[in-house]
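# An overview of the molecular structure
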Amino acid sequence: MSDGGSTWWFEVLGALRASRDGQDVALGAPKQRVVFAALVLGRNTVVGRDQIIDALWGESAPSSAVNVVHTYVAGLRRALEPRRASREQGDLLRSAGDGYRLRLDPSWVDLDVFDTRTSAAARLRAAGDLAAASEELDAAVALWRGDPLGGLPGLFAEVERSRLVEQRLTVLEERADLRLALGRGADVVAELTRLVDEYPLRERLYGMTMRALCQTGRQAEALATYRTAREILIDELGVEPGPELQRLHQAVLAGEDLTVNGEQRPQIVVQAAVPGQLPPDPASFVGRHDLLDRLDELRAETPSGLVVAITGPAGVGKTALAVHWAHRVRGDFPDGQLHVDLHGYDPQRDPLDANEVLRRFLRALGVAAGEVPSTVDERSALFRTLVSDRRMIIVLDNARGSDELMPLLAGSGCCVLVTSRRRLDGLVAHADAKLLDVDLLSDADAVDLLGRIAGSARLREEPAQVARLASLCDRLPLALRIAAARLAVAPRQPVAALVSELNDEQGRLAALGLEGGASAVRSAFDASRRALPPLPARLLALLGLHPGHDITPHMVAALAEVRLCDAVRALDLLEAAHLLTVTEPGRFMPHDLVRAYCVTLAGEELSEDERRTVAGRMLDYYLYCADLADGLLPITRGNVKISPSHVPAEIPVIDSSATAMAWLEAERVNLLAAAAYAVTHGWSVHAWQLPYTLSRLFWLLADRDSWLTTHEAATPVVRRLKDPLAQFVTLHNLGVVLTLHERFDEALEAEREALSVSRRQGHGEWQARAYTSIANILTSTGRTAEAEVQYLRAAEISKRTGSQFAEANNLHNLACLYAGEQRHTEAVQQLRAAMEIYRELGDTVGETAGLSTLAESLIALGEGAEALTAAKRALEVAVEASSVYHQGIAHDRIAQALDNLGDQQALPHWQRSLSVLTDLGAPEADGVRARLARARVSVRTPA
């Protein structure tokens, strides 16, 4: 805690405090203390002047804000380092660009020490030392002295306080869970009971309380705790306890042992501050002693900030080398490991960009979804901040080039391993990376690898043939593994027979679109394929036409026109031959090189007509199932008839809203890939009907990016198709999602084009829907008078044509306009009419959305009790509809109604709403976060 001259200590886990040599530093007036808090929380990074202004005044900054900030910073400099001359840069607080940096050693700050302790506890628990992990958490919790940033006023402090309190609660839960795992339930009953009272909607706390009571022989009280939990969750949130709590309840009823050995505890949720993302250490790794020694030497020569580019041809074992060495040295990098496959050479999917990789890394490092910045530069800066001075291993696998890697390079304590089929000269030039070229295995290591997989005793019987087999595989690890796997699954086949097959092989895969040396891969793939029965062998060529991420037996049955049981058997045989990998039960994925091999086979073996037919069956399968699932979602849709040419004979279970949503979410990536394939390969009908069937899913999941991408791609197709239905549906949906993205000019253009189509067809319902969307755009851009005219025109048309959904949607949106103009009585009238139609149609999503809007207007009219009733009903309907997004909105409305009534139970509903909307990435989360912070400020402000 010393800088060489003074001993420093900074506290935020309680009242804001700084001390030098045991003496408190006078931090000044409240606003100057807010500045200091912003600098401490942003320690060792540049805190911009605009950030400080926002923390002090929010949107009400005075014209003199910059000068005032300068005054406060000067005051803090004098307080921290009084002996410094006024114009001399201080050691601790310095100007940096358009802001300031407070340079603090982590050992000086209670929050950093807290994080260090919790990280150590996670490592100890992973290693099985539960007692030591519990002691670390005891020490971490002891650092808290009260409310974080206690006594600090304002919205900025409240937002930060909320985050820190949540962090402490997570640690308290983890500590309690550790004590339960140690059989010390009696030690935590009192604390858990207090936490349940304080956080009555947190199900995990109830579960741990039940376990603690059972450990002390108080099963009756454990059952009473469950009843209390159920009553509160139903009364406050309108939901039953989750499956984990219900299973625990059943275990207590059944008299099961819930002590240490028979513990039936819920899955532990631990903040991912110390990620462990390395793939398993390759079990059959052989040789490479020179390369492993060279990596050790590079690490010794460059103890901090090491970047190594491991390069070589496809299949040579670059990833295996990187992962194996990382496992060897992981003990010297206690702060965790990050790993990502960049898919630089996947022939069927785009490489991961730096923005997406950084999002994954930040989430793994504990950053909440709603707190991940949007731009590459911001994400990269936050990433470097989080890993600064941490000792971590980062593996960036299958990189295509140097440019996308630069934002991913970490701090001085990290070791970054990059694998690529290219030399990555740019990484050497700009990041001082060290190059490590990986060549083919030696003869001895190649034979060793064959023996480890196929069995060394068996191979000793035919040494000459084994040596020839290694030679035919070019000593390429991937080819060697495939050949050895063939021997392993055919224990009676002589090695000579396999050698004979490889000797006769023609038309080797010379390049595979990759660097040289990959011919043995094609040879091995072809040899493995010939050993397969006809169906799985044929299936490899058919799979070359599948554009998605993974495959299922049902899709394969449709693709190959075979029975489901035959498809299952074929996939199992391909997996046994190491040509497919099981990602989860019932889902298979080919390795990148196998995928490329399948694509090559499709081009070589299928005629153009065959490729067209097979692709049609694949697209029809996805379209048919997507349409079936879409029709079961709890939201009204149009009357577009989906009639694929090939109706699949067997489909997965899609018979309810729940199974429909589950299938759509599981196949979402494949459905998006199929839609893109339809656009690029001339399947015009599928190009617009797939996005149409997915649009309600996008709405329910608040997935506005996928909604926009699919409809933008389909728009040029429908313009060429000249099908009025296709044009209206696509253009109208495009206008809706462009409005959600606030691209209002483009949205208006799309909706006006959709309106023109509807007029040419004389279609009243289409016209009403287009006028409503145009009015929504006008409302969003402040042209409310024009918008009202369009809404009323839409109302007249929808009533005249009997278009009930269009009428309900229009009434709902008109009510939103009235509410925005404080015409709440009229808004309530329109909403009640809209909800009658929603109920008549069975549109539960429309009903819950309408009820949430109704609650807002009732609050504005002073009808707090009625608003609360509407908001609670909105939550009930959202639960019925299985719409997580609308549940988040409903919780926010319940909180607003309770807050209006002066009921502090608003806070847990805002907490639940914020959690749901943040996880979805919904933009409404920002408004909820602000309302929650204001409510907390109000609670803490004395009357």
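No experiment lies behind these values; they were computed from the predicted model shown. (Residues numbered from 1 in each chain as written. Predicted model: local features only at pLDDT ≥ 70, side-chain atom pairs only at ≥ 80, totals over all residues. Heavy atoms only, no water.)

### Digging into the overall build of the chain
In plain terms, the rule: Under the scheme used here, helices are H or I runs from DSSP no shorter than 4 residues and strands are E runs no shorter than 2 residues, and both carry numbers assigned from the N terminus. We compute the radius of gyration from the C-alpha atoms alone; for a globule the expected value is 2.2 Å times N to the 0.38, where N is the number of residues. Relative accessible area decides the class of each residue, using a 1.4 Å probe on protein chains only: under 20% of the type maximum gives buried, over 50% gives exposed, and in between gives partly exposed. Any two residues whose heavy atoms approach within 4.5 Å are treated as being in contact.
In terms of helices and strands, the chain carries 41 helices and 13 strands. Over its C-alpha atoms the chain spans a radius of gyration of 31 Å, differing by no more than 12% from the 30 Å that the globule rule assigns to 943 residues. Each principal axis of the C-alpha distribution contributes one length, and for the chain these read about 90 × 85 × 65 Å. In the chain, buried positions account for 54% of the 943 residues. Here the analysis covers contacts within the chain between residues at least 6 apart in sequence; of these, 65% occur between residues at least 24 apart.

### A look at the environment of Leu-39
Looking at the element boundaries, Leu-39 is found in helix α1 (residues 30-41). The buried category is assigned to Leu-39, whose relative accessible area is 0%. Considering only alpha carbons, one finds Leu-39 and Ala-775, 736 residues apart in sequence, at a separation of 46 Å. Not counting residues up to four positions away in its chain, the partners in contact with Leu-39 are Val-47, Ile-52, Leu-76, Leu-93, Tyr-100 and Leu-102.

### Some remarks on the nonpolar core
Basically, it comes down to this: Buried Ala, Val, Leu, Ile, Met, Phe, Trp, Tyr and Cys residues that are joined via side-chain atoms within 4.5 Å together make up what is termed a nonpolar core.
Of all hydrophobic cores here, the largest spans 141 residues; its most connected members are Leu-539, Tyr-622, Trp-663 and Leu-664. Per-element tally for this core: the top contributor is helix α26 (residues 608-632), with 10 residues. Setting aside residues up to four positions removed in sequence, Trp-663 forms contacts with Tyr-621, Tyr-622, Cys-625, Ala-626, Ala-629, Pro-652, Ile-654 and Leu-671. Ranked by size, the runner-up nonpolar core spans 74 residues in total, among them Ala-55, Trp-57, Ala-176 and Tyr-206.

### Some details on helix α31 (residues 724-740)
Basically, it comes down to this: Take the number of residues in a helix, subtract one, and multiply by 1.5 Å to get its expected span. Polar contact criterion, stated in full: a pair of N or O atoms within 3.5 Å, where within protein one must be able to donate a hydrogen and the other to accept it, and residues adjacent in sequence count only if both atoms are side-chain atoms.
Between its first and last C-alpha, α31 extends 24 Å over 17 residues, near the 24 Å set by a 1.5 Å rise per residue. Of all the 17 residues making up α31, 13 are buried; the element is thus mostly covered by neighbouring parts of the structure. Here α31 starts with a cap whose side-chain oxygen sits 3.0 Å from the backbone nitrogen of Leu-725, and that cap is Asp-723. Following α31 by one or two positions, Glu-742 adopts a phi angle in the positive range, close to 60°.

### Some points on unusual backbone geometry
Glycine aside, residues mostly have negative phi, and peptide bonds are mostly found in the trans state. The phi torsion at Arg-288 lies on the positive side, around 65°, for a residue other than glycine. A residue is classified by how much of its surface remains accessible, and Arg-288, at 9% relative accessible area, is buried. Even without being a glycine, Glu-561 presents a positive backbone phi close to 55°. Relative to the assigned elements, Glu-561 resides in the loop between α23 (553-560) and α24 (564-576). With a relative accessible area of 57%, Glu-561 lands in the exposed category.

### Focus on the environment of Arg-288
Within the secondary structure, Arg-288 is located in the loop between α10 (243-253) and α11 (289-301). Arg-288 sits 110 residues away from Asn-398 along the chain, and the two C-alpha atoms are 19 Å apart. The contacts of Arg-288, once residues within four sequence positions are left out, are Val-316, Leu-321, Val-438, Asp-439, Leu-440, Leu-441, Asp-445 and Pro-477.

### What to know about the sheet that holds strand β4 (residues 47-48)
To keep it simple, the criterion reads: Only strands joined by at least two bridges in the DSSP assignment are considered to pair. Fitting a line to C-alpha atoms yields each axis, with helices limited to the stretch in contact; the angle taken between N-to-C directions then spans 0 to 180 degrees.
One open sheet holds the 3 strands; their spatial order is β4-β6-β5, and the pairing between them is antiparallel. Because the sheet does not close on itself, it has two edges, and the strands there are β4 and β5 (93-96). Pairing of β5 with strand β6 (residues 99-102), which is carried by 4 bridges, proceeds in the antiparallel orientation. The residue of β6 that forms the bridge with Ala-96 is Gly-99. This element, helix α3 (residues 65-80), spans β5 and β6 of the sheet and lies at about 145° to β5.

### What to know about the packing of α26 against helix α28 (residues 668-680)
Selection rule: Our angle categories are set so that under 35 degrees counts as roughly parallel, over 145 as roughly antiparallel, 65 to 115 as roughly perpendicular, and the remainder as oblique. What makes a crossing left-handed is the near helix being turned counterclockwise from the far one by less than a right angle; a clockwise turn instead makes it right-handed. Throughout, the ten residues Ala, Val, Leu, Ile, Met, Phe, Trp, Tyr, Cys and Pro are labelled nonpolar, Asp, Glu, Lys and Arg are labelled charged, and all others, Gly among them, are labelled polar.
Put simply, α26 and α28 touch, their axes get as near as 10 Å, and they point 130° apart. The pairing of α26 with α28 is recorded here as oblique in orientation. Helix-helix and strand crossings are classified by hand; for α26 and α28 the assignment is left-handed. Contacts from Ala-615, Met-618, Leu-619, Tyr-622 and Ala-626 of α26 reach α28 at Asn-670, Leu-671, Ala-674, Tyr-677 and Ala-678. Grouping the amino acids of the contact of α26 with α28 by side-chain chemistry returns 9 nonpolar, 1 polar and no charged.

### Some words on the pairing of strand β9 (residues 393-399)
The element β9 is extensively covered by neighbouring structure, given that 7 of its 7 residues are classed as buried. Pairing of strand β8 (residues 337-341) with β9 involves 5 bridges; the strand directions are parallel. When the bridges of β9 are listed, Leu-338 appears paired with Ile-394.

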